[in-house]
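Commentary on secondary and tertiary structure
Spelled out, the chains give:
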Amino acid sequence: VKTFIVGSEPNSSYYWQPQFDTRGGDIAATNYEALLAETYDAIKAVRPDAAVVGGALDSMGTDNPKNRPSHSPLVFLRDMASAYRASHRTRPIMDVFDEHVYADNSTLPPSMPHIGTAIAAADYGKLVALLGKALGGTAQKGSTLPIFYGEFGVESTIPAGEASLYTDASSASTVDEATQAAYYIQALK
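Here goes a summary of the coordinates provided. What you see is a predicted model, and the numbers here were worked out from it, not measured in a lab. (Residues numbered from 1 in each chain as written. Predicted model: local features only at pLDDT ≥ 70, side-chain atom pairs only at ≥ 80, totals over all residues. Heavy atoms only, no water.)

That bond from Q17 to P18 is cis: its omega, -5°, falls within 30 degrees of zero. Of note, P18 is situated in the loop between β1 (3–5) and α1 (28–46). Located in the positive-phi region is D63, a residue other than glycine, with phi close to 55°. Along the chain, D63 falls in the loop between β2 (51–57) and α2 (73–87). Even without a glycine there, the phi angle at H88 is positive, about 60°. Structurally, H88 is set in the loop between α2 and β3 (96–100). (Helix = DSSP H or I, 4+ residues; strand = E, 2+ residues; numbered from the N terminus.)

Here it is as structure tokens:
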């Protein structure tokens, strides 16, 4: 194994708790930064040639401690970089940054950029700028940090003839299989 992804969607309360401290401050990004730094050092001590991948962030988040507690990738990355700066660390914490680039729902094309704090497939420029602003001037690469889009998906409608084979079917917005295929092609391009 030469590549290690540290965590999965630490900006989501589904995978990482707590997201906020008792005053509503971001505790998840601070704790994740500490874990990422410790993991980076441990892996590099044994395998200096291994790639440590950080982030693996959910493409969306509420930035609200009371309503579905989670952090948008923009806020989480900013807070993680603040924790990194506050640590006065002189080594990087990752070799690659991973972003999960799901659209708000499957009916939206991957070419649609987002306004605000979400980051999806079409927001590459926004992500590069954010990495540069958040991490520039530190030992951690910022805008030149390689980016890995670790997850992307488009939900298709269950064909009527196969609906009886499914239980607890999602109520998410779906597309037909031709649109799903077109969106995957578009995302890969």
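Having put the structure on the table, let's press on.
Between its first and last C-alpha atoms helix α4 (residues 177–188) spans 17 Å; for 12 residues at 1.5 Å apiece the expected length is 16 Å, and the two agree. Capping of α4 at its N-terminal end is provided by D176; its side-chain oxygen lies 3.1 Å from the backbone amide nitrogen of A178. (Expected span 1.5 Å × (residues − 1). Polar contact = N/O pair within 3.5 Å; in protein donor to acceptor, adjacent residues only side chain to side chain.)

A few words on the nonpolar core. Nonpolar side chains tend to gather and get buried jointly when the protein is soluble and globular. Of all hydrophobic cores here, the largest spans 27 residues; its most connected members are L36, M80, M94 and F97. The biggest single contributor to this core is α1, with 7 residues. With residues near it in sequence (within four places) discarded, F97 still touches G54, G55, L57, L77, L127, L131, L145, P146, I147 and F148. (Core = buried A, V, L, I, M, F, W, Y, C linked by side-chain atoms within 4.5 Å. Buried < 20%, exposed > 50% of the residue type's maximum accessible area, 1.4 Å probe, protein only. Contact = heavy atoms within 4.5 Å.)

On to the sheet that holds β3, then. Within a sheet, neighbouring strands are paired by backbone hydrogen bonds and run either parallel or antiparallel to one another. The 4 strands are arranged β1-β2-β3-β4 in an open sheet whose pairing can be described as parallel. A strand with exactly one partner marks an edge of an open sheet, and here the two such strands are β1 and β4 (147–151). Averaged over all adjacent pairs, the angle separating strand axes in this sheet is 30°, with direction ignored. Here β1 runs beside β2; their pairing, made up of 3 bridges, is parallel. Within the sheet, the bridge partner assigned to T3 lies in β2 and is A51. Across the face of the sheet, helix α3 (residues 124–135) comes into contact with β3 and β4 while running at roughly 125° to β4. (Pairing = 2+ DSSP bridges. Axes fitted to C-alpha atoms, helices over the stretch in contact; angles between N-to-C directions.)

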